[in-house]
There are 2 protein chains.
Amino acid sequence: MNQRNPKSKLLLGPGPSNTDPRVLRALSEPTLGHLDPEFVAIMDETTELLRYVFNTKNKLTIPVSGTGSAGMETAIVNSVEPGDKAIICTAGVFGERMVDVTERAGAQVVKVESPWGEPIDPEDVKKAIRKNPDAKILGIVHAETSTGVLQPLDEIAAMVHEAGMRIVVDAVTSLGGVDVPTDRLQLDFVYSGTQKCLSCPPGLAPITLGEKAFEFIQNRKTKCQSWYLDLGMIQRYWGSERFYHHTAPINMIYALNEALRIIKEEGLEARIKRHKAAQEALISGLAALGLKPVVNEPYRLPSLTTVYVPEGINEAAVRKQLLDEFGIEIGAGLGVFKGKVWRIGMMGTNANRANVIRLLGALKDILG
Amino acid sequence: MNQRNPKSKLLLGPGPSNTDPRVLRALSEPTLGHLDPEFVAIMDETTELLRYVFNTKNKLTIPVSGTGSAGMETAIVNSVEPGDKAIICTAGVFGERMVDVTERAGAQVVKVESPWGEPIDPEDVKKAIRKNPDAKILGIVHAETSTGVLQPLDEIAAMVHEAGMRIVVDAVTSLGGVDVPTDRLQLDFVYSGTQKCLSCPPGLAPITLGEKAFEFIQNRKTKCQSWYLDLGMIQRYWGSERFYHHTAPINMIYALNEALRIIKEEGLEARIKRHKAAQEALISGLAALGLKPVVNEPYRLPSLTTVYVPEGINEAAVRKQLLDEFGIEIGAGLGVFKGKVWRIGMMGTNANRANVIRLLGALKDILG
């Protein structure tokens, strides 16, 4: 067998981003038993740190034992019961995925759509709510990784709550790099992934539930369709009861713990500013190369920039050359944007001027 | 914050077992993009090595991105459709869990039970099949971690196939330490976990599907209720198509890759013999201390030994002393066996005479 020897590349795609070296070291600490008091203390600290990045005091704030997509499924299967109606905002791959997951959970879905690259129009949400006052949840992707749109949540969250519905928010590409206003907007279900702005490998899905959401899962009429993702049971394992559910992914929890400590040390506010500054430098530099961003301010997602591929350029060849000759990964367009855009991530530890300059230099060299 | 500093303990409980140092190093290799050709090569090699430990040529043999319990849920939600009838063998916690998962998948469950610590009686299976010829699957736990029973599968698998049903096998605590006869018995769905006899941290669930099972998932009438665990989609990501599904847990895949390389180097047959020899040494030593195993041969699971707690002994205090003073973890009894038995794992790299002697010495010191 060949030696497995993954090169250290600069991951400026839609995720995973580079793992901080401190986090890589944490991964390799000795595995403890999942009920060992030493490990339980690490679990407790991890939930406390997760509350910090989620801007919340929510009791139920834990990492789900799966990737960001498992976070989406956890939020959905816990927030609806079969036969419930759900309003889902779709404006990209991950909104569409939420529709699929919600339908599989036995709910009836009403879609609110917007063109790719544009935000959801709150007027459309208002209409959907007026037509469907019996809907139980509204699902929305805060940071749409396929388009680079940051969804402004304030107005929509207010309408959802006024209608007595619960809001489910996908913060996979925002948590740790963009403000996620969990408590300020009383968001009910918010989930994320570890491999984006947290600079931790993929494999865990942080999730937090507001008080109303917590009450809902405690008083469901039907069992959650997923045993593995049933938060009613999982919270008894992560809570003081320590009731055995499944074996937590021990070493990945070490990694998340370290990634969150790093964020606490930097300060969330400083980190968010750093992401914004890195994107601004990137946009200026891309403009100098004649490249235009897809999304207009103020809807431009700081952690992921979509940019149009110039006319006559073989986009896949550019990405291949970037990876092979410069060790830099950027992302292709998905769905409607396939072949038309590049997706450039400035996430977590990667979001800095040095990486912007490194990418721009390479791009300039390739594009000529 | 305190420094996170997990001690290296000897994990002789029901899992996780100790992670091999080579596997810990693999965990800390730089994170690659999930579509990077270098990573794709590691995925391919990992599936090839998984086929080796599963004793199979099955095309669809992959690690599911969750823990062993996610493996169970994956097998069940992919093997039944709502309204299907399922026969589930239960003789411990994990059999009961399979019942719960199967009911949540919308199937009607017929139980075949045996007392804790005893194997399922094939006569009972025969009767259940005769009474329920319309059942679609039979689920059984090969290695029941709560009782230490190894289920002999030959006779039961033959009956299931003769009746035209599919067999779903839980090999969480057997894979890599006990023979899992996937191809010999044409087992349809077999799943496992990484943290037992593979000596890899918890977080992945290897699974393999036989030809009939693969055909079934390709021709379902209904969508799999889980998007995250839908093998019809996941196989397109792990297969040559590389169709994006979710971001694989990159560093955990490195770890599994290394853990499987270690098994290949030792040889599966030698490894299985080593597990058996370690248990024999353990049983002799326990007998000398006056401790009696719960399960009789030939149903005794080599990787996990259940032993009765002697009369008048505070079982929790003994476990605490073992952990605090000797750095050795063993497991408590669950369910029916709570307070009555200890569970001693000899799994993966841990299954050797030196660990047996270390445990026996400590036990002798504590029990006096």
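Preceding this paragraph is the structure being described.
Residues numbered from 1 in each chain as written. Chains lettered and ligands numbered in written order. Predicted model: local features only at pLDDT ≥ 70, side-chain atom pairs only at ≥ 80, totals over all residues. Heavy atoms only, no water.

## Considerations on the overall build of chain A
Per the secondary structure count, chain A includes twelve helices and 14 strands. Computed over its C-alpha atoms, the radius of gyration of chain A comes to 20 Å, within 12% of the 21 Å expected for a compact globule of 368 residues. Over its C-alpha atoms, taken along the principal directions, chain A stretches across nearly 60 × 55 × 40 Å. Here chain A, with 368 residues, has 66% of them falling under the buried criterion. Within chain A, counting contacts between residues at least 6 apart in sequence, those at least 24 apart form 72% of the total. Of the roughly 13,100 Å² that chain A leaves accessible, carbon and sulfur atoms contribute 51%. For chain A, the separation between the mean place of its 42 positive charges and that of its 43 negative charges on side chains is 3 Å. (Helix = DSSP H or I, 4+ residues; strand = E, 2+ residues; numbered from the N terminus. Rg over C-alpha atoms; globule rule 2.2 N^0.38 Å. Buried < 20%, exposed > 50% of the residue type's maximum accessible area, 1.4 Å probe, protein only. Contact = heavy atoms within 4.5 Å. Areas by Shrake-Rupley, 256 points an atom, 1.4 Å probe, with all protein chains shown as cover. Lys, Arg positive; Asp, Glu negative; His and termini not counted. Charge placed at Lys NZ, Arg CZ, Asp CG, Glu CD.)

## Examining the interface of chain B and chain A
Taken residue by residue, the interface counts 69 residues in chain B and 68 residues in chain A. Across the chain B to chain A interface the summed buried area is about 5,700 Å²; carbon plus sulfur atoms make up 56%. Summed over the three residues of chain B that lose the most area to chain A, namely Arg4, Arg104 and Trp227 of chain B, the buried surface amounts to 15% of that side. Our enumeration of links across chain B and chain A arrives at 13 salt bridges. With its nearest N and O atoms 2.8 Å apart, the salt bridge here joins arginine 4 of chain B to glutamate 258 of chain A. (Buried area = accessible area lost by both parts, 1.4 Å probe. Salt bridge = Lys/Arg side-chain N within 4 Å of Asp/Glu carboxyl O.)

## Some thoughts on the packing of aromatic side chains
A complete count under the given rule lists six aromatic pairs over all chains for this structure. Note on phenylalanine 39 of chain A and tyrosine 254 of chain A: the rings are 6.4 Å apart at their centroids and 70° apart in plane angle, and the pair reads as edge-to-face. Note that phenylalanine 39 of chain A is positioned in helix 2 (residues 37-54) and tyrosine 254 of chain A in helix 9 (residues 250-266), a separation of 215 residues in sequence. Overall, tyrosine 254 of chain A belongs to the buried group, its relative accessible area being 0%. Judged by centre distance (5.5 Å) and plane angle (85°), the ring pair of tryptophan 116 of chain B and phenylalanine 337 of chain B falls under edge-to-face. (Phe/Tyr/Trp six-rings, centres within 6.5 Å; stacked < 30°, edge-to-face > 60°.)

## A few points about the packing of helix 11 (residues 315-326) of chain A against helix 12 (residues 353-367) of chain A
All names here are of chain A. Contact geometry of helix 11 with helix 12 gives a least axis separation of 10 Å together with a crossing angle of 120°. The angle between helix 11 and helix 12 falls in the class oblique. Between helix 11 and helix 12 lies a crossing of right-handed hand. Together, Val318, Gln321, Leu322 and Phe326 of helix 11 and Arg358, Leu359, Ala362, Leu363, Asp365, Ile366 and Leu367 of helix 12 make up the contact between the two elements. Grouping the amino acids of the contact of helix 11 with helix 12 by side-chain chemistry returns eight nonpolar, one polar and two charged. (Axes fitted to C-alpha atoms, helices over the stretch in contact; angles between N-to-C directions. Parallel < 35°, antiparallel > 145°, perpendicular 65-115°, else oblique. Left-handed = near helix turned anticlockwise from the far one by under 90°. Nonpolar A, V, L, I, M, F, W, Y, C, P; charged D, E, K, R; others polar.)

## Structural notes on the side chain of histidine 246 of chain A
Considering the arrangement of structural elements, one finds histidine 246 of chain A in the loop between helix 8 (231-238) and helix 9. In terms of polar contacts, histidine 246 of chain A uses its side chain to reach the side chain of serine 65 of chain A, at 2.7 Å. (Polar contact = N/O pair within 3.5 Å; in protein donor to acceptor, adjacent residues only side chain to side chain.)

## Brief notes about the pairing of strand 14 (residues 341-345) of chain A
Residue and element names in this part refer to chain A. Among the five residues of strand 14, five are classified as buried, and the element is accordingly described as predominantly covered. On strand 14, burial covers both faces: Val341, Arg343 and Gly345 on one face and Trp342 and Ile344 on the other are all buried. Taken together, the five bridges between strand 11 (residues 304-308) and strand 14 define a ladder with antiparallel strand orientation. Following the sheet pairing, tyrosine 308 is matched in strand 14 by valine 341. Of the strand pairs in this sheet, strand 13 (residues 331-332) and strand 14 are connected by two bridges, and their pairing is antiparallel. Counted as the bridge partner of alanine 332 is tryptophan 342 from strand 14. (Pairing = 2+ DSSP bridges.)

## Points about the relation of the copies chain B and chain A
Think of it as a corkscrew move, a rotation about one axis and a shift along it, taking one chain copy to the other. With an RMSD of 0.0 Å, the fit of chain B onto chain A corresponds to turning through 180° and sliding 0.0 Å along the axis. On the angle and the small slide along the axis, the relation comes out as a two-fold axis. Considering only C-alpha atoms, the residue of chain B closest to the rotation axis is glycine 66 of chain B, which sits at 2.6 Å. (Least-squares fit on C-alpha atoms with pLDDT ≥ 70 in both.)

## Let's talk about empty space enclosed by the protein
Residue and element names in this part refer to chain B. Counted by the stated rule, this structure contains five cavities of 30 Å³ or more. Considering only enclosed or pocket space, the largest cavity measures out at about 140 Å³ in volume. Taken together, 14 residues form the lining of the largest cavity, with Gly68, Ser69, Phe94, Arg97 and Val172 sitting closest to its centre. Listing elements by their share of the lining of the largest cavity, those giving two or more residues are helix 3 (68-79) and helix 4 (93-104). Ranked by residue count, the leading element in the lining of the largest cavity is helix 3, at three residues. Here the lining of the largest cavity is built from residues that sort into five nonpolar, six polar and three charged. (1 Å grid on protein atoms, 1.4 Å probe; cavity = no way out; pocket = protein on both sides within 12 Å on 5 of 7 lines; lining within 4 Å. Points joined across faces, edges and corners; volume = space filled by probe spheres on them.)

## So, the sheet that holds strand 13 of chain A
Across the sheet, three strands lie side by side as 11-14-13 (chain A); this open sheet has antiparallel pairing. Looking along the sheet, the strands with just one partner apiece sit at the ends: strand 11 and strand 13 of chain A.

## Digging into the environment of leucine 27 of chain A
Residues and elements named next belong to chain A. Along the chain, leucine 27 turns up in helix 1 (residues 21-27). The buried category is assigned to leucine 27, whose relative accessible area is 0%. Taking C-alpha positions, leucine 27 is 46 Å from aspartate 134, a pair spaced 107 residues apart along the chain.

## Considerations on the pairing of strand 3 (residues 85-90) of chain A
In the case of a regular strand, side chains alternate between the two sheet surfaces. Residues and elements named next belong to chain A. Counting buried residues along strand 3, six of its six residues qualify, which places the element largely inside the surrounding structure. Of the two faces of strand 3, the one holding Lys85, Ile87 and Cys89 and the one holding Ala86, Ile88 and Thr90 are both buried throughout. In this structure, strand 3 lies alongside strand 4 (residues 108-113), joined through six bridges in parallel fashion. Counted as the bridge partner of lysine 85 is glutamine 108 from strand 4. In this view, the connection linking strand 3 to its parallel neighbour strand 4 by way of helix 4 (residues 93-104) has right-handed handedness. Here strand 3 pairs with strand 5 (residues 137-141) via three bridges, running parallel. Directly across from isoleucine 87, in strand 5, lies its bridge partner leucine 138. (Right-handed = clockwise from strand over helix to strand, strands pointing away.)

## What about the sheet that holds strand 4 (residues 108-113) of chain B?
Residues and elements named next belong to chain B. With mixed pairing, seven strands are arranged side by side in an open sheet as 2-10-9-8-5-3-4. Two strands lie at the open edges of the sheet, namely strand 2 (61-64) and strand 4, each paired on one side alone. When the angles between neighbouring strand axes are averaged without regard to direction, this sheet yields 20°. Bridge analysis of strand 5 (residues 137-141) against strand 8 (residues 166-170) gives five bridges, and the strand direction is parallel. Residue pairing in the sheet places leucine 138 in a bridge with isoleucine 167 of strand 8. Across the face of the sheet, helix 2 (residues 37-54) comes into contact with strand 2, strand 9 (189-191) and strand 10 (205-209) while running at roughly 100° to strand 2.

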